[in-house]
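# Remarks on the overall topology
The lines below spell out each chain.
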Amino acid sequence: MDAFRIIGGCRLSGTVRASGSKNASLPLIAAALLTDRPVTLADVPDLSDIRNMLNLMGELGCSIGKQAHEGGSTTIELHADPDGSSHAPYDIVKTMRASICVLGPLLARRGFARVSMPGGCAIGDRPVDIHLRGLRALGAEIELDQGDITARVPRGGLRGATIFLGGPFGSTVLGTANVMCAAALADGTTVIESAACEPEIVDLAHMLRAMGAHITGDGSPRITIHGVSSLNGVSHTVMPDRIEAGTWICAGAMVGDDLTITNCPMDSLLALTSVLEPSDISIELLDPTSPQRSTVRVRRAGTIRPAVVTTQPYPGFPTDIQAQVMALLALADGNSIITERIFPDRFLHVAELSRMGATLNRQGPMVVVSGVKALHGAPVMASDLRASASLVLAGLAATGTTTISRVYHLDRGYERMDERLQSLGADIERFKEVRK
Ligand code: EPZ
């Protein structure tokens, strides 16, 4: 299994490009099932989650072309055969629970879908009850059969409805994607109340509109969809990855000398930059004309100040940057409070950061972060995608050597992180860890 060895203390300088968004790419790829015309996606990141998704699409009768480009991004051509299999099997879904986003498109285009119930994962239970509530509201007949969700369109097809997609932790991003895709081909008008407002939903709506869907209100809690009988093919460029970009901003804030980030969606990172505001961190927007794909220079100019951070649905502070900002606030000159409101158990990084000298006190969904002057390198273990990123950031800032095992977690969401950090001056290497 791959591991990283990081010798801390180096400062980052140079330029890194934020990749296309993993979390936008997954539902965009699934949406190719809504049409039997070709769909081309540009700037898709080359990640294991994407490869798993394309593997699933192949199982579902989709032919796939892939062109790799310099710098890692890829262009994917998808062409779905509506007579292909409509069964997303457990052995694929269990590796990536985001596979659930094929449910809505399969149901809407083929009239039937059998998708394995995704299991939980390191950050918590990952129920899909709200997804199913939304699809049932459109008339789908849904049952659970030996761990699989079977969904069938009733005689007469799916019918538009007013649907509430709120839950105890806010709305559901992939649930909104599933319902929006299904409603796009339903008969009549659908209004989604308490829809997810994340930029990835807006990107999906952009692509669906270009395919001929009638969707308004995306990016707000109320999305209106007027169903159409069929959808066309499309060429679409995936939005930049705001979580990866936010991770690079945290890296610059912790150990940046002169780090420039391109293709950076600063317009969707205001919750992060507001947390960094009180600190002596310079974040300079070099081209204010395009906030969705900007070039920004980040430098640590002095003291990191404590903050109070609570994760919330967009546009609140993103849960996917919670672990990374904890590594940063571990070095603040005071006490911070981080409260996780989306996945209350998303704290597997706490024990590992503590091994590096962070002073963290968890009380349920809240962690008090008492800043320390320095973190110290140590052997630590990655547990999930964003916790892994947090440990890399801590290793860069720590004195001494940090080894991070199980970096396959990191490779799910960050392209060649070691190589890109090396090009920025970090002392990091990937090696094969001999299992003891
Ligand atoms: C998306 O997951 C992202 N993944 C996650 O990013 C992200 O953390 C999450 O949204 C929240 O922003 C992708 O887009 C591929 P949710 P999703 O449904 O859609 C509860 C990463 O690190 N819930 O919005 O699966 C759920 O338990 C990943 O890149 C229900 O109760 O998340 C959670 O507490 C991790 N019932 C909350 O809602 C449901 O039916 C938000 O989940 C669905 C969700």
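As a starting point, this report considers the structure included with it. (Residues numbered from 1 in each chain as written. Predicted model: local features only at pLDDT ≥ 70, side-chain atom pairs only at ≥ 80, totals over all residues. Heavy atoms only, no water.)

### Some thoughts on the environment of L286
The residue L286 is located in the loop between β16 (281-285) and β17 (294-300) in this model. In this structure, the C-alpha to C-alpha distance between L286 and I261, residues 25 residues apart in sequence, is 9.9 Å. Dropping the residues within four chain positions of it, L286 is found in contact with T260, T295, V296 and R297. (Helix = DSSP H or I, 4+ residues; strand = E, 2+ residues; numbered from the N terminus. Contact = heavy atoms within 4.5 Å.)

### Focus: the site of the ligand
Of all residues adjacent to the ligand, which total 25 residues, the nearest are D129, I130, T172, D320 and I342. Contact between the ligand and D129: a nitrogen atom at 2.8 Å from a side-chain N or O atom of the residue. Residue T172 places a side-chain N or O atom 2.7 Å away from an oxygen atom belonging to the ligand. Here the ligand loses 91% of its free accessible area of 820 Å² to cover by the protein chains. When residues of the shell around the ligand are traced back to their parent elements, those giving at least two are α1 (22-30), α5 (129-137), α6 (173-184) and α12 (385-397). (Near = heavy atom within 4 Å. Polar contact = N/O pair within 3.5 Å; in protein donor to acceptor, adjacent residues only side chain to side chain. Areas by Shrake-Rupley, 256 points an atom, 1.4 Å probe, with all protein chains shown as cover.)

### Some points on helix α4 (residues 103-110)
Buried residues dominate α4, accounting for 7 of its 8 residues. When α4 is considered as a whole, its buried residues turn out to be L103, G104, P105, L106, L107, A108 and R110. Along its buried surface, α4 packs onto α1, β5 (74-80), β7 (112-116), α5, β9 (148-152) and α6. (Buried < 20%, exposed > 50% of the residue type's maximum accessible area, 1.4 Å probe, protein only.)

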